[in-house]
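Residue-level structure breakdown
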Amino acid sequence: MIKNVLFDLDGTLIDSSKCIYTVYERLFSELGLQMPPDEEKRKFIGPPVETTMKRFLTRGYKEAADRFRAIYLTVDLASTNVLYDGIAEALAALKADGKRLFVATSKSEPVAKTILELMNVARFFDAIYGNNGIDRMHKAEVLEALFSECGIAKEESILIGDTVFDVEGARKCGIAVGMVNYGFGRAEDLGRHVSEVSFFADTAKEIPVLIGESK
C-alpha cells in the first residue's frame, strides 16, 4: 500500500518553462552560445544543470551551472512559475487520505522551497528535497537522501514525475514511479523504461485516484 507520495517539481507540480528558459537565455548570452530551437529547449527541463551544460561546453560546465543558479535568484519567481491546474486539489485529497507528501527535485533546494511557498502549496509537504550542489544533484541522489533522513519505507512509496530522469531515478532507488502526461517529458522518450511506470496521469486530478489503485 502506498503511504508516501514523492513529487518531482518542474513539469509535475509547476510549469516552470518561462522561468527556466529565461535563465538559460541569459546564461547562453553571457557564454556566447546560441539557444537551440524550442523542441531542443524542452530537454533543458528535468536533468541537473550540470548535465545540460555538458552538452554545450567541453569544460567549465560546473562554473556555468553555478552562474545559472545565481541568475535564477534574480528572476521574478512568482510571475514566471505557474502551478498546474488541479495540483492544489490533488495534494489536498492525498493529505485527506492520510498520505505523507514530499518533493524530490534536481532543482536547487532553496529555490524549490521558495517557489512552493510562493505557490502556496509548501504547507502540504512533510519535506522538500533538492539539489544541494554537493552530493545531491541527480534524482537518485536526492531520493536516497530523502529516504535516509526521513525514515520512510521505499516499498510504501511512489515518485510522481514527468521525464525519463524521474523513471531512471526511481529505478535506481528501487521505488515505484507514476508519470504525468502534461509535463515536459514524452512517453516516447522513455523507451525500454516505459514498462517500469505504474501509471500515466493525463491531469493532476487523476493522480490521487491512480495512486489509490496502485498496489
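Just so it is clear, the model here is predicted, and its values are computed rather than measured. (Residues numbered from 1 in each chain as written. Predicted model: local features only at pLDDT ≥ 70, side-chain atom pairs only at ≥ 80, totals over all residues. Heavy atoms only, no water.)

**Here we look at the pattern of salt bridges**
Formally: Each reported salt bridge corresponds to a side-chain nitrogen of Lys or Arg within 4 Å of a carboxyl oxygen of Asp or Glu. Secondary structure follows DSSP: runs of H or I at least 4 residues long count as helices, runs of E at least 2 residues long count as strands, and numbering of each begins at the N terminus.
Going through the model one piece at a time under the given rule, you end up with 19 salt bridges. Measuring nitrogen to oxygen at the nearest pair gives 2.8 Å for the salt bridge that ties Glu30 to Arg67. Note that Glu30 is positioned in helix 1 (residues 17-31) and Arg67 in helix 4 (residues 61-72), a separation of 37 residues in sequence. Between Arg55 and Glu40 there is a salt bridge, with the nearest N and O atoms lying 2.1 Å from each other.

**Digging into helix 8 (residues 139-150)**
Stated formally: Expected span, for any helix, means 1.5 Å times one less than how many residues it has. Each residue's exposure class comes from its accessible area (1.4 Å probe, protein chains only) as a fraction of the maximum for that residue type: buried when under 20%, exposed when over 50%, partly exposed otherwise. Should any heavy atoms of two residues lie within 4.5 Å, those residues are counted as being in contact.
Between its terminal C-alpha atoms helix 8 stretches 16 Å, which fits the 16 Å expected from twelve residues at 1.5 Å a residue. Lys139, Ala140, Val142, Leu143, Ala145, Leu146 and Phe147 are the residues of helix 8 that are buried. At its buried positions, helix 8 is contacted by strand 1 (4-7), strand 4 (100-108), strand 5 (127-131), strand 6 (157-161) and helix 9 (164-173). Note on helix 8: the residue one or two positions beyond its end, Gly151, has a positive phi of about 65 degrees.

**Let's talk about the packing of helix 1 against helix 4**
Put simply, the rule reads: Every axis corresponds to a line fitted to the C-alpha atoms, with the helix fit spanning only the stretch in contact, and the corresponding angles, defined between N-to-C directions, vary from 0 to 180 degrees. Small angles under 35 degrees read as roughly parallel and large ones over 145 as roughly antiparallel, with 65 to 115 read as roughly perpendicular and the rest as oblique. In this scheme the handedness of a crossing depends on how the near helix is turned from the far one: anticlockwise by less than a right angle means left-handed, clockwise means right-handed. Each residue gets one of three labels, nonpolar for Ala, Val, Leu, Ile, Met, Phe, Trp, Tyr, Cys and Pro, charged for Asp, Glu, Lys and Arg, and polar for the others, Gly among them.
Running from amino to carboxyl end, helix 1 crosses helix 4 at an angle of 130 degrees, the nearest separation of the two axes being 9 Å. With respect to helix 4, the element helix 1 is oriented oblique. By crossing handedness, the relation of helix 1 to helix 4 is classed as right-handed. Residues Cys19, Ile20, Val23, Tyr24, Arg26, Leu27, Glu30 and Leu31 of helix 1 pack against Ala64, Arg67, Phe68, Ile71 and Tyr72 of helix 4. Of the residues belonging to the contact of helix 1 with helix 4, the class tally is ten nonpolar, no polar and three charged.

**Observations concerning the sheet that holds strand 4**
So the rule is basically this: Strand pairing is defined by DSSP finding a minimum of two bridges between the two strands.
An order of 5-4-1-6-7-8 is seen for the six strands of this open sheet, with the pairing classed as parallel. The open sheet has two free edges, formed respectively by strand 5 and strand 8 (199-201), since each of these has just one partner strand. In this sheet, adjacent strand axes meet at a mean angle of 25 degrees when their direction is disregarded. Strand direction decides the pairing type here: strand 4 and strand 5, joined by four bridges, are parallel. Across the sheet, residue Ala104 finds its bridge partner in strand 5, namely Tyr129.

**Thoughts on the pairing of strand 5**
What counts here: A right-handed crossover is one whose linking path, passing over the helix from the first strand to the second, runs clockwise when the strands point away from the viewer.
Counting buried positions along strand 5 gives five out of five residues, so the element sits mostly inside the fold. In this region the chain leaves strand 4, passes through helix 7 (residues 109-118) and returns to the parallel neighbour strand 5; the handedness of that crossover is right-handed.

**A look at the pairing of strand 4**
In terms of burial, strand 4 is a largely internal element, eight of the nine residues being buried. For strand 1 and strand 4, the ladder comprises four bridges, and the chain directions are parallel. Bridge pairing in strand 4 links Asn4 to Arg100.

**What to know about the packing of aromatic side chains**
Put simply, the test is: Two rings belonging to Phe, Tyr or Trp (six-membered ring only in the last case) form a pair when the distance between their centres is within 6.5 Å. Interplanar angles under 30 degrees mark stacking, angles over 60 mark edge-to-face geometry, and anything in between is tilted. Geometrically, a lysine NZ or arginine CZ counts as sitting over a ring once it is within 6 Å of the ring centre and also within 35 degrees of the ring normal.
Under the counting rule described, the total for this entry stands at nine aromatic pairs. Aromatic pair Tyr24 and Phe44: ring centres 4.5 Å apart, planes at 45 degrees, arrangement tilted. Here the residue Tyr24 occupies a position in helix 1, and Phe44 occupies one in the loop between helix 2 (38-41) and helix 3 (49-53), the gap between them amounting to 20 residues. You'll find Tyr24 and Phe44 in the same group, each marked buried. Centre to centre, the rings of Phe68 and Tyr72 are 5.6 Å apart; their planes meet at 65 degrees, and the pair counts as edge-to-face. Linking Phe68 with Tyr72, this pair stays in helix 4, spanning four residues, or about one helical turn. We note that Phe68, like Tyr72, is buried. Following the ring pairs from residue to residue traces out a cluster consisting of Tyr24, Phe28, Phe44, Phe56, Phe68 and Tyr72. When the ring centre of Tyr21 is taken as reference, the NZ or CZ atom of Lys41 above it lies at 4.7 Å. When the ring centre of Phe147 is taken as origin, the NZ or CZ atom of Lys154, which lies over that ring, is 5.9 Å away.

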